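# Report on the structure
Here are the chains, one letter per residue:
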Amino acid sequence: MNKVMPYFYLIFGLVILFDGVAQFLENKEIYKLLFSWTTTDKYFYLGIKIIFSLFFFFTGYKRFKAKA
C-alpha cells in the first residue's frame, strides 16, 4: 500500500485543483470551501483550492521521494 499512496495524493491534488478551476469559472453567489466554510470572493476560493492542492502535491512528492 505504501507504493501506491504517493499516487493517491497526487491524483487527489489534481482533483481538488480541477474542481477549483471548474467552480471558479462558474458565476456563483457563494463558494463552499470546506465543511461549512463559505466565501463570496471567487479569487479567494481559487487561492484556497490551490493551497489545498499544493499541500497534497508536496505530500505525495515527499512520499514518492521517500519510497525511492
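Residues numbered from 1 in each chain as written. Predicted model: local features only at pLDDT ≥ 70, side-chain atom pairs only at ≥ 80, totals over all residues. Heavy atoms only, no water.

### Some words on the side chain of Gln23
The cut-off we apply is this: For helices the rule is a DSSP run of H or I covering at least 4 residues; for strands it is a run of E covering at least 2, with both sets numbered from the N terminus onward. Contacts are assigned to residue pairs that have any heavy atoms within 4.5 Å of one another.
Take Gln23: it is sitting in helix α1 (residues 5–25). If we skip the residues at most four places from it in the chain, Gln23 touches Lys28, Tyr31 and Tyr45.

### Some remarks on unusual backbone geometry
Negative phi values dominate among residues other than glycine, just as trans dominates among peptide bonds. Going by this rule: Each residue's exposure class comes from its accessible area (1.4 Å probe, protein chains only) as a fraction of the maximum for that residue type: buried when under 20%, exposed when over 50%, partly exposed otherwise.
In this model, Phe35 sits at a positive phi of 55°, which is unusual for a non-glycine residue. Mapped onto the secondary structure, Phe35 falls in the loop between β1 (31–34) and β2 (37–39). A residue is classified by how much of its surface remains accessible, and Phe35, at 68% relative accessible area, is exposed.

### Some points on a nonpolar patch on the surface
For clarity, the cut-off: Patch definition: residues above 30% relative accessible area lacking any salt bridge, with like charges linked at up to 9 Å and the nonpolar side chains Val, Leu, Ile, Met, Phe, Trp and Tyr linked at up to 5 Å. Computed with the Shrake-Rupley method and a 1.4 Å probe, the accessible areas treat only the protein chains shown as cover for residues. Between Lys or Arg on one side and Asp or Glu on the other, a salt bridge is scored when a side-chain nitrogen of the former is within 4 Å of a carboxyl oxygen of the latter.
Together, Met1, Val4, Tyr7, Phe8, Ile11, Val15 and Phe64 give the surface a local cluster of nonpolar side chains, amounting to about 710 Å² of exposed area. Sorting elements by how many residues they give to the nonpolar patch places α1 first, with 4 residues. Along the chain, Met1 turns up in the segment before α1. A residue is classified by how much of its surface remains accessible, and Met1, at 69% relative accessible area, is exposed.

### So, the packing of aromatic side chains
To be explicit about the condition: Pairing of aromatic rings covers Phe, Tyr and Trp, the last counted by its six-membered ring, and requires centre-to-centre distances within 6.5 Å; plane angles under 30 degrees mean stacked, over 60 mean edge-to-face, and any other angle means tilted. We count a charge as sitting over a ring when the NZ of a lysine or the CZ of an arginine lies within 6 Å of the ring centre and within 35 degrees of the ring normal.
Scanning all chains against the criterion turns up 6 aromatic pairs. Ring plane angle 70° and centroid distance 5.8 Å describe the contact between Tyr7 and Phe64, whose orientation is recorded as edge-to-face. Taken together, the residues Tyr7 in helix α1 and Phe64 in helix α2 (residues 42–67) connect sequence positions 57 residues apart. Owing to a relative accessible area of 33%, Phe64 belongs among the partly exposed residues under this scheme. Pairwise contacts between aromatic rings join Tyr9, Phe12, Phe55 and Phe56 into one cluster. A cation over an aromatic ring shows up here: Lys42 above the ring of Phe24, its NZ or CZ 4.9 Å from the ring centre.

Taken by themselves, the reported measurements are silent on function.
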